[in-house]
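Residue strings, one per chain:
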Amino acid sequence: MRRSTRAAVTAVGHFLPETRLTNQDLTQMVDTTDEWIKSRTGIEERRILKGESMGVSYMASRAAQEILKKRGMTADEIDVIIVATVTADMSFPATACLVQAEIGATNAWGFDLSAACSGFLFALNTGAGFIESGRAEKVLVIGSDKMSSITDYTDRKTCVLFGDAAAAVLLEPDSQGYGLMDSVLRVDGKGWEALCMLGGGSLHPPTHETVDQKMHYIHQDGKTVFRIAVKGMADVAVELMERNDLTGDDIRYLVPHQANQRIIDAVARRMDLDPQRVMLNISRYGNTTAATIPLCLHDWEEQLKRGDNLVIAAFGGGYTWGATYLRWGYDYAVSPS
Ligand code: ACO
């Protein structure tokens, strides 16, 4: 698709809780070992948000505030706030409203977007649509999840995987050829049972029974999801590369959702990518669901140069998955115009 105005990423921000939950800590809680967790997932520690009255909006607001500070912007310049999350502070109002109030974005509207681990990718593409159509000039796209709030710390199959974090990007119009170039996005609702949280929604409202049956925790058939995630992520990434005439050498970085290092390695191999060109920080944060991808962009921001080709790829519950080809919009040392 040819577009004159593209949505470029012009800033990134993040928030990480201070408390660390290490593999060693988890060995005191469930029957597991540091060796098993590291070799099967690549994770060494994750961050956990502790404290009264601290939910996803707390982390999301701080990630947003980092962007405002870095750019020397005031919050009233923001047009739209999109928060990707599966652990919103409340069923409603939307977290985006709470973030709007917290940061004082008096001219913004916004909403939450639910697509599990593909949430940030879908929100990025949704936000880009507002910029490309001319409906907005400054869109905050935030990925924020407090996975510890829906993790069963007696279930070794899931509790080793997840962590809490938020990270965000600012999208602005670009007419010089930078920004979101192309995407392949998919859902397949037939796979919903393999990765879900059954309780708390309108199908199974909270009752003593839903609590007793642990229906308010993440349920995952890990083996099934693993197999489908590798194929799904790699297929869309390769399709995106082919239709944009990109080889492995043309891609500066793969920015993959961080669910399992073995999934990421397999996807990079299918894309014919040098491992040096893969953003990988799962060892430090685990799977922070909607936050993993912008957290990578934050961690690699200083190394990124204007015009770098990035392929962002994600897979998550739903199933939801996709890949986006993004040309990076700025050099770290140079303040974006
Ligand atoms: N410590 C020790 N042993 C464990 C642990 C643990 N923490 N967890 C599981 N095991 C055991 C199992 O009980 C099983 O033992 P058994 O054979 O005696 O029954 C054995 O290890 C193998 O278990 P598997 O589940 O087959 O292990 P696998 O190698 O598949 O790894 C994992 C599990 C890490 C969950 C993997 O399947 C995975 O990463 N799946 C995909 C996750 C993903 O991508 N999710 C999508 C995004 S998340 C989102 O959208 C919210």
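No experiment lies behind these values; they were computed from the predicted model shown. (Residues numbered from 1 in each chain as written. Predicted model: local features only at pLDDT ≥ 70, side-chain atom pairs only at ≥ 80, totals over all residues. Heavy atoms only, no water.)

## A word on the nonpolar core
Put simply, the test is: Among buried residues, those of type Ala, Val, Leu, Ile, Met, Phe, Trp, Tyr and Cys that are joined through side-chain atoms within 4.5 Å constitute a nonpolar core. Summary of the burial criterion: residues with accessible area below 20% of their type's maximum are buried, those above 50% are exposed, and those between are partly exposed, where the area comes from a 1.4 Å probe applied to protein chains only. Counting from the N terminus, the helices are DSSP H or I runs at least four residues long and the strands are E runs at least two residues long. Whether two residues are in contact is decided by their heavy atoms, any of which lying within 4.5 Å being enough.
Of all hydrophobic cores here, the largest spans 45 residues; its most connected members are L254, V267, M271, L273, V311, F315 and A323. When residues of this core are traced back to their parent elements, those giving at least two are β8 (179-187), α8 (222-243), α9 (261-270), β12 (309-316) and β13 (320-327). With 9 residues, the top contributor of residues to this core is α8. Among all residues touching V311, those that are not within four sequence positions of it are A237, L240, I251, Y253, L254, V255, M271, A323 and T324. Membership of the second largest hydrophobic core comes to 37 residues, among which are V80, L124, M279 and W328.

## Comments concerning the site of the ligand
Here is the rule we go by: We call a residue near a molecule or strand as soon as one heavy atom of that residue lies within 4 Å of the molecule or strand. The definition of a polar contact used here is a pair of N or O atoms within 3.5 Å, where within protein one atom must be able to donate a hydrogen and the other to accept one, and adjacent residues in sequence count solely through side-chain atom pairs. Only the protein chains shown count as cover for residues, and the accessible areas themselves come from Shrake-Rupley with a 1.4 Å probe. Residue type decides the class: Asp, Glu, Lys and Arg count as charged, Ala, Val, Leu, Ile, Met, Phe, Trp, Tyr, Cys and Pro as nonpolar, and the leftover types, Gly among them, as polar.
Taken together, 26 residues surround the ligand, and among them T32, R40, C117, K223 and N260 come closest. A distance of 3.0 Å separates an oxygen atom of the ligand from a polar atom in the backbone of G222. Between the ligand and R262, the relevant distance is 3.2 Å, taken from an oxygen atom to a side-chain nitrogen or oxygen of the residue. Isolated, the ligand exposes 1000 Å² of accessible area, and the fraction of that covered by the protein chains is 78%. Elements represented by at least two residues in the shell around the ligand include exactly α2 (34-41), α6 (156-159), α8, α9 and β12. Looking at the shell around the ligand, the element that brings in the most residues is α8, giving 4 residues. Partitioned by chemical class, the residues of the shell around the ligand number 11 nonpolar, 9 polar and 6 charged.

## Examining the packing of aromatic side chains
What counts is decided by this rule: Classification of ring pairs rests on two measures: the distance between centres of Phe, Tyr or Trp rings, Trp counted by its six-membered ring, which must be within 6.5 Å, and the angle between planes, read as stacked under 30 degrees, edge-to-face over 60 and tilted in between. We count a charge as sitting over a ring when the NZ of a lysine or the CZ of an arginine lies within 6 Å of the ring centre and within 35 degrees of the ring normal.
Under the definition given, this model contains 7 aromatic pairs. Aromatic side chains W109 and F111 sit 5.6 Å apart centroid to centroid with 35° between the ring planes, which places their arrangement in the tilted category. Residue classification places W109 among the partly exposed positions, given a relative accessible area of 48%. Given a relative accessible area of 21%, F111 falls into the partly exposed group. For the ring pair F315 and Y319, a centre distance of 5.2 Å and an interplane angle of 45° mean the geometry is tilted. Exposure remark for F315: the relative accessible area of 5% places this residue in the buried category. One aromatic cluster is present, built from ring pairs that chain together W109, F111 and F130. The ring of Y58 is capped by R62, whose NZ or CZ atom sits 3.7 Å from the centre of that ring.

## Describing α9
Looking at α9, one finds that the buried residues are I263, I264, A266, V267 and A268. Taken together, the buried residues of α9 touch α8 and β11 (253-256). Where α9 begins, the capping side chain belongs to N260, and its oxygen is found 2.8 Å from the backbone nitrogen of R262.

## As for the side chain of H257
Within the secondary structure, H257 sits in the loop between β11 and α9. For H257, the contacting residues outside a window of four places in its chain are C117, M233, I264, N287, T289, T292, I293, A313, A314 and F315.

## Here's the deal with the sheet that holds β8
Put simply, the rule is: Pairing between strands requires that DSSP locate at least two bridges from one strand to the other. Axis definition: a line fit to C-alpha positions, over the contact stretch in the case of helices; interaxial angles, taken between N-to-C directions, run 0 to 180 degrees.
Within the open sheet, the 4 strands sit side by side as β8-β13-β12-β11. Their pairing is mixed. The sheet is open, and its two edges are formed by β8 and β11, each paired on a single side. In this sheet, neighbouring strand axes are inclined to one another by 15° on average, regardless of whether the strands run parallel or antiparallel.

## Points about the sheet that holds strand β6 (residues 139-146)
Taking strand neighbours across the sheet as the criterion, the 5 strands line up as β1-β7-β6-β4-β5 in an open arrangement whose pairing is mixed. Both outer strands of the open sheet, β1 (6-15) and β5 (109-113), are each paired with one neighbouring strand and no more. Neighbouring strand axes in the sheet, compared pairwise and without regard to direction, differ in orientation by 20° on average. In terms of strand pairing, β1 meets strand β7 (residues 164-174) through 9 bridges, oriented antiparallel. Paired with G13 across the strands is A168, a residue of β7. Strand contacts of helix α11 (residues 292-300): β1 and β7, with the helix running at about 75° to β7, the strand carrying the most contacts.

## What about the environment of V311?
Position of V311 among the secondary structure elements: in strand β12. Sequence separation between V311 and P256 is 55 residues, and the spatial gap between their C-alpha atoms is 8.0 Å.

## Quick word on the state of the cysteines
Formally: When two cysteine sulfur atoms lie within 2.5 Å, the pair is treated as a disulfide.
For the structure shown, the criterion picks out 0 disulfides. Note on C159: no disulfide assigned, nearest cysteine sulfur contributed by C117 at a separation of 16 Å.

## Brief notes about the packing of α8 against α9
To be explicit about the condition: Take the far helix as the reference: if the near one is turned anticlockwise from it by less than a right angle, the crossing is left-handed, and if turned clockwise, right-handed.
Contact pair α8 / α9: the axes reach a minimum separation of 9 Å and the direction vectors enclose 35°. In this structure, α8 crosses over α9, and the sense of that crossing is right-handed. Every residue of α9 that contacts α8 at F226, A229, V230, K231, M233, A234, D235 and V238 is listed here: R262, I263, A266, V267 and R270. Its residues assigned to classes, the contact of α8 with α9 comprises 9 nonpolar, no polar and 4 charged.

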